[in-house]
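Below, each chain spelled out in residue letters.
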Amino acid sequence: MEVNNLSDKAKEDLILVEQYKLHKDQDALAQLMKRYRDSIYYMILKMVNNHEDSEDLTVEAFTKAFMNLDKYVPNYAFSTWLFRIASNNVIDFLRKKRVETVSLFEKQDEDGNEFMVGQFSTDEPNPEELFMRSQRAEILHEVLSTVTPKYAELIKLRYFKELSYEEIADDLDMPIGTVKVQLHRAKKMIRSLLENHPIRKA
């Protein structure tokens, strides 16, 4: 798209971008942010469904855009470029949150036993760590309510009550081999559900 094909608003945006590129005009950035802040915020809010995260991600989007203005060329409207940056940033954010959530069963202790992330710690957790643990536990409890009761019970005994395979076998009166096989199936099912669980804060 040539500059002449840009809309009037896009041409005004381009003028502001050039003012900053040439003169480091902070007022130009302020005007660009004023123009698009609400639109970016509400787009992000629809994606993450959390006001606090949306505020943070909106600021991040503008920061990344303004730090990379030299890379913007008017082949398309500045708003298109800005929304693409904001959208990609949100996707990265959601992907990172999903990886953190799905990794509930990914850690192992020195004996090779799996445990929930944050379940063991030698240091006193800070408030943020406590919040993240409670969030993960809440999501896991929510997902457990949707799976077969026998699988949910196995997960609770193993990862919430921290029982050994032998203790679970005794508690449920089943062979230890069956416990291991069914736990494996249960974890596979839970991972699948977690991967599709909406990422949000409580």
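Every chain is numbered independently, its residues counted from 1 as its sequence is written. Predicted model: local features are reported for residues with pLDDT of at least 70 only, side-chain atom pairs are reported and counted for 80 or more only, and whole-chain, interface and lining totals are derived from all residues. To obtain the side-chain values, all non-hydrogen atoms of the structure were used and water was disregarded.

Visitor: Let's hear about the overall build of the protein chain: which residues, and what values?
Guide: Here a helix means four or more residues in a row that DSSP labels H or I, a strand means two or more in a row labelled E, and each is numbered from the N terminus. Of regular secondary structure, the protein chain possesses eight helices and two strands. Reading the secondary structure of the protein chain in the N-to-C direction produces α-α-α-α-β-β-α-α-α-α. Only heavy atoms matter for contacts: two residues are in contact if any of them lie within 4.5 Å across the pair. Pairs at least 24 residues apart make up 59% of the contacts formed inside the protein chain by residues separated by at least 6 positions.

Visitor: How would you summarise a negative patch on the surface if you had to cite specific residues and measurements?
Guide: A contiguous patch of negative charge on the surface is contributed by Glu153, Glu166, Glu167, Asp170, Asp171 and Asp173. When residues of the negative patch are assigned to their parent elements, the largest contribution, four residues, is made by helix α7 (residues 165-172). Within the element layout of this structure, Glu167 appears in helix α7. The patches described consist of residues with a relative accessible area above 30% and no salt bridge, like charges being joined within 9 Å and nonpolar side chains (Val, Leu, Ile, Met, Phe, Trp, Tyr) within 5 Å. Exposure was quantified through the Shrake-Rupley algorithm and a 1.4 Å probe, taking into account, for residues, occlusion by the shown protein chains and nothing else. When a carboxyl oxygen of Asp or Glu lies within 4 Å of a side-chain nitrogen of Lys or Arg, that pair is called a salt bridge. The sign given to each residue is positive for Lys and Arg and negative for Asp and Glu; His and the chain ends receive no count. For charged residues, the charge sits on one atom: NZ in Lys, CZ in Arg, CG in Asp, CD in Glu.

Visitor: Could you give an account of the packing of aromatic side chains, naming the residues involved and the relevant values?
Guide: The relative placement of two aromatic rings is captured by the distance of their centres and the angle of their planes. Between the rings of Phe, Tyr and Trp (Trp by its six-membered ring), a pair exists once the centres lie within 6.5 Å; its type follows the angle of the planes, with under 30 degrees stacked, over 60 edge-to-face, and the other angles tilted. If you walk through the whole model with that rule in mind, you get seven aromatic pairs. The interplanar angle of 55° and the centroid separation of 6.3 Å between the aromatic rings of Tyr36 and Phe78 together place this pair among those described as tilted. Here the residue Tyr36 occupies a position in helix α2 (residues 26-48), and Phe78 occupies one in helix α4 (residues 78-102), the gap between them amounting to 42 residues. Per-residue accessibility, obtained with a 1.4 Å probe over protein chains only, is compared with the maximum for each type, and a residue is labelled buried under 20%, exposed over 50%, and partly exposed between these values. Residue Tyr36 is classed as buried on the basis of its relative accessible area of 6%. Take Phe78: its relative accessible area is 0%, and that puts it in the buried class. Ring centres of Phe78 and Trp81 lie 5.9 Å apart, and the angle between their planes is 45°; this geometry places the pair in the tilted category. Separated by three residues within a single helix, Phe78 and Trp81 lie in helix α4, roughly one turn from each other.

Visitor: Could you give me a rundown of the environment of Glu166, with the residues and numbers involved?
Guide: Along the chain, the position of Glu166 falls in helix α7. On the accessibility criterion, Glu166 (47% relative accessible area) is partly exposed. Put simply, Glu166 and Ile176 are 10 residues apart on the chain and 6.2 Å apart in space, counted from C-alpha to C-alpha.

Visitor: Can you tell me about the pattern of salt bridges, naming the residues and giving the values?
Guide: In this structure the tally under the stated criterion is three salt bridges. A salt bridge links Arg37 to Glu55, with the nearest nitrogen and oxygen atoms 2.6 Å apart. Separated by 18 residues along the polypeptide, Arg37 in helix α2 and Glu55 in helix α3 (residues 51-67) bring together distant segments of the chain. Sharing partners across several salt bridges, the network here consists of Glu12, Asp13 and Arg35.

Visitor: So what about α2? Which residues, and what values?
Guide: An α-helix turns once every 3.6 residues. As a result, residues three or four positions apart point the same way. The angle between axes fitted to the seven-residue stretch ending at a residue and the seven-residue stretch beginning at it gives the bend at that residue. At Tyr36, α2 is deflected by roughly 50°, the largest bend along its length. The complete set of buried residues in α2 reads Ala28, Leu29, Leu32, Tyr36, Ile40, Tyr41, Met43, Ile44, Leu45 and Val48. In protein, a polar contact means a hydrogen-donor-capable atom and an acceptor-capable atom, both N or O and within 3.5 Å, with residues adjacent in sequence counting only if both atoms are side-chain atoms; elsewhere, any N or O pair within 3.5 Å suffices. For α2, the N-terminal capping position is held by Asp25, with its side-chain oxygen 2.9 Å away from the main-chain nitrogen of Asp27. Looking one or two places after α2, you find Asn49, whose phi comes out positive at around 55°.

Visitor: Got a sec to walk through the side chain of Thr58? Specific residues and values, please.
Guide: Looking at the secondary structure, you find Thr58 in helix α3. Assessed through its relative accessible area of 0%, Thr58 is described here as buried. Polar side-chain contacts of Thr58 include one of 2.7 Å to the backbone oxygen of Ser54. Residues within four places of Thr58 in sequence aside, it is in contact with Arg37, Ile40, Tyr41 and Ile44.

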